[in-house]
Amino acid sequence: MLKIVSAKVIITCPGRNFVTLKIETSDGLTGIGDATLNGRELSVASYLTDHVIPCLIGRDAHNIEDTWQYLYRGAYWRRGPVTMSAIAAVDTALWDIKAKAAGLPLYQLLGGRCREGAMVYSHANGTTIEETLEQAISYKEMGYKAIRLQSGVPGLKSTYGVSGTKLFYEPADADLPTENVWSTEKYLRSVPALFEKAREVLGWDVHLLHDVHHRLTPIEAGRLGKDLEPYRPFWLEDTVVAENQANFRLIRQHTTTPLAVGEIFNSIWDCKQLIEEQLIDYIRATVVHAGGITHLRRIAALADLHNVRTGCHGATDLSPVCMSAALHFDVSIPNFGIQEWMHHTKETDEVFRRTYTFKDGMLHPGEMPGLGVEIDEKLAAKYPYKRAFLPVNRLEDGTLYNW
Ligand code: EZ4
Ligand code: CO
C-alpha cells in the first residue's frame with residue numbers, strides 16, 4: 001500500500017492564477033494535479049481543502065478508480081465545474097504518483113504510444129485581417145501545422161480572441177468583469193472574408209480553425225458553417241451554447257464544416273447525445289475540467305465508437321500540469337484529433353518546470369517518470385493570488401449575452 005500522508009493546495013499567479021494540488025505518499029513520492037477554474041479559482045481551492053483533502057489522508061494512492069468513484073458517487077452531489085475540477089486534480093496527482101512509482105512516463109501506463117506526438121494548434125489574432133494573417137504566417141514559419149484565426153470585427157470595439165499581447169491572449173484581464181459589445185450581423189460578415197484571405201496568403205497545407213465562443217443560434221451557425229465550406233476549415237468551435245444538445249441537429253442539417261465543442265463540459269453526460277447522434281466531430285473536454293485522466297479516457301472511448309475525435313482545450317488557464325497530462329492522454333488514445341496550445345508566460349514556465357517540448361508542429365510529453373512536470377513551491381509563493389474575472393458580453397442595445 002502506498003499511503004497518502006498529506007495533500008495541499010498551492011495557489012500562485014505567475015502572470016495568471018493557477019491552483020495546484022500536491023499529494024504526498026508514505027514512500028516520499030509526490031504527485032501534482034491542476035485544479036484551475038478560470039475566474040472561480042478559490043471555490044475549487046476551498047472544495048479541495050475543506051471537503052476533499054481530509055478524506056484522502058490514509059487512502060491507498062494506487063487505487064485511482066476507487067478514489068474517483070469515492071469523490072464522485074460518494075459526494076452525493078454530482079458533476080459541476082467546481083466538483084469535477086477538484087476530482088480532476090486528485091486523479092491527475094494520483095496518476096503522476098503511480099507512474100513515478102512504476103518509473104515510467106505516464107503514457108506508458110495508459111497503454112503506450114499510438115503516435116509520435118500531439119499535433120497542436122496555436123492562436124493567430126489581430127484587430128484586422130492583415131494583422132491576424134501576419135501572425136499566422138509567423139506561426140507557419142515556426143512549423144505549426146494548424147492555426148486558429150481570430151480577428152477584430154469591423155464596427156465592434158473589442159471581441160473574443162483578440163488581445164493586446166498577441167502571444168498570450170488572456171481574457172481574465174480585470175479585477176471586475178470588463179464588458180464587450182456584440183453584433184451577430186457584423187460578425188457573420190467578417191469571418192468568411194478572413195478565411196478567404198487566409199487561404200490566399202497561407203495556402204492549403206495548413207489547418208485553419210476558428211472559435212465562435214458560443215455566440216450564434218443554431219441556424220446562424222448553419223449559415224456560417226456553409227459560408228466557410230469553400231475554405232475547408234479544420235473545425236468551427238463552440239458555435240452555440242451546448243446546454244441543449246439537440247440544438248446541434250439543426251446545425252448539422254445545414255453544413256459539412258466539422259464542429260468542435262466541449263471546453264466547458266465537465267462530464268460524459270454533457271456530451272453523451274452529441275457523441276451518440278454524431279452531431280459533432282471533435283470533443284474538447286479537458287483533463288482539469290472534466291474529472292481528470294480517468295474520466296476523460298471514458299469520454300474518449302465513447303467518442304471513438306461514433307467517429308468523434310478529441311481536441312482538448314489548451315488555453316493559458318490550463319496550467320502546464322494539465323497540458324502535460326493532456327499530452328500523455330493525447331499520444332495514448334486511438335482517436336486523438338488535435339491539441340490546443342497557447343504559450344504560457346516565462347514566469348509560469350519557471351514555476352512549473354515542464355519536460356514537454358515542441359517540434360515540427362507537435363508537442364511531445366517527454367520521457368520523465370510521471371507527468372514530467374514539477375512545481376517550484378518557493379517561486380510559486382512569490383506570486384500571490386490576484387482576483388481576475390472573465391469579461392461579460394452585451395448586445396449593442398445592452399442585453400446581456402453569451403461571452
Ligand atoms: O475562453 O480558456 O478555445 N479557447 C477558449 C478560451 C476560453 C478560456 C476561458 O477560461 O475559448 O480562450
Ligand atoms: Co474555445
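Residues numbered from 1 in each chain as written. Chains lettered and ligands numbered in written order. Predicted model: local features only at pLDDT ≥ 70, side-chain atom pairs only at ≥ 80, totals over all residues. Heavy atoms only, no water.

Here we come to the side chain of Thr20. By secondary structure assignment, the location of Thr20 is in strand S2 (residues 18–25). Those residues in contact with Thr20 that sit more than four places away from it in its chain are Lys8, Val9, Ile10, Ile32, Gly33, Val321, Phe352 and Ile375. (Helix = DSSP H or I, 4+ residues; strand = E, 2+ residues; numbered from the N terminus. Contact = heavy atoms within 4.5 Å.)

What follows is about unusual backbone geometry. Phi is mostly negative for residues that are not glycine, and the peptide bonds are mostly trans. One non-glycine residue, Arg79, lies in the positive phi region at around 65 degrees. Take Arg79: it is sitting in the loop between helix H2 (64–72) and helix H3 (81–102). Residue Arg79 is classed as partly exposed on the basis of its relative accessible area, which comes to 32%. Positive phi, close to 50 degrees, is recorded for Asp360, a residue that is not glycine. (Buried < 20%, exposed > 50% of the residue type's maximum accessible area, 1.4 Å probe, protein only.)

All right, on to the site of ligand 1 then. The environment of ligand 1 is formed by 13 residues, the closest being Asn38, Tyr160, His213, Glu263 and Asp317. Within the side chain of His213, a nitrogen or oxygen atom sits 2.7 Å from an oxygen atom of ligand 1. Glu263 is positioned with one of its side-chain polar atoms (N or O) 2.7 Å from an oxygen atom of ligand 1. Burial of ligand 1 by the protein chains amounts to 95% of its free accessible area of 330 Å². Grouping the constituent residues of the shell around ligand 1 by class yields three nonpolar, three polar and seven charged. (Near = heavy atom within 4 Å. Polar contact = N/O pair within 3.5 Å; in protein donor to acceptor, adjacent residues only side chain to side chain. Areas by Shrake-Rupley, 256 points an atom, 1.4 Å probe, with all protein chains shown as cover. Nonpolar A, V, L, I, M, F, W, Y, C, P; charged D, E, K, R; others polar.)

Attention now goes to the domain arrangement of the protein. Domain annotation for the protein reports domain 1 (4–105) and domain 2 (109–367). The straight-line distance from the C-alpha centre of domain 1 to that of domain 2 is 26 Å. Every contact between the two is made by 33 residues of domain 1 and, on the other side, 34 residues of domain 2. Buried area between domain 1 and domain 2, both sides added, is near 2,600 Å², and the carbon and sulfur share of it is 62%. The largest per-residue losses of area from domain 1 upon contact with domain 2 belong to Asp34, Trp95 and Pro105, which jointly make up 23% of the total buried on that side. On inspection of domain 1 and its partner domain 2, the count reaches three salt bridges. Between Arg79 and Asp270 there is a salt bridge whose closest N-O contact spans 2.8 Å. Counting across the domain 1 and domain 2 interface gives 13 residue pairs in polar contact (both at pLDDT 80 or more). Put simply, the parts of the chain that give the side of domain 1 that touches domain 2 at least two residues each are S2, strand S3 (30–34), H2 and H3. Looking at which element gives the most residues to the side of domain 1 that touches domain 2, the answer is H3, with 11 residues. (Domains from an automatic or database assignment. Buried area = accessible area lost by both parts, 1.4 Å probe. Salt bridge = Lys/Arg side-chain N within 4 Å of Asp/Glu carboxyl O.)

Counting residues in hydrophobic clusters, the biggest one holds 113 residues, and the most contacted among them are Ile23, Leu149 and Phe248. Here this core gets 10 residues from one element, more than from any other, and that element is H3. The residue makeup of this core includes at least three contributed by each of domain 1 (4–105) and domain 2 (109–367). Each residue touching Leu149, except ones within four places of it in the same chain, is listed here: Ala124, Thr132, Leu133, Ala136, Leu194, Phe195, Ala198, Leu208, Leu209 and His210. Membership of the second largest hydrophobic core comes to nine residues, among which are Leu209, Ala260, Tyr282 and Ile338. (Core = buried A, V, L, I, M, F, W, Y, C linked by side-chain atoms within 4.5 Å.)

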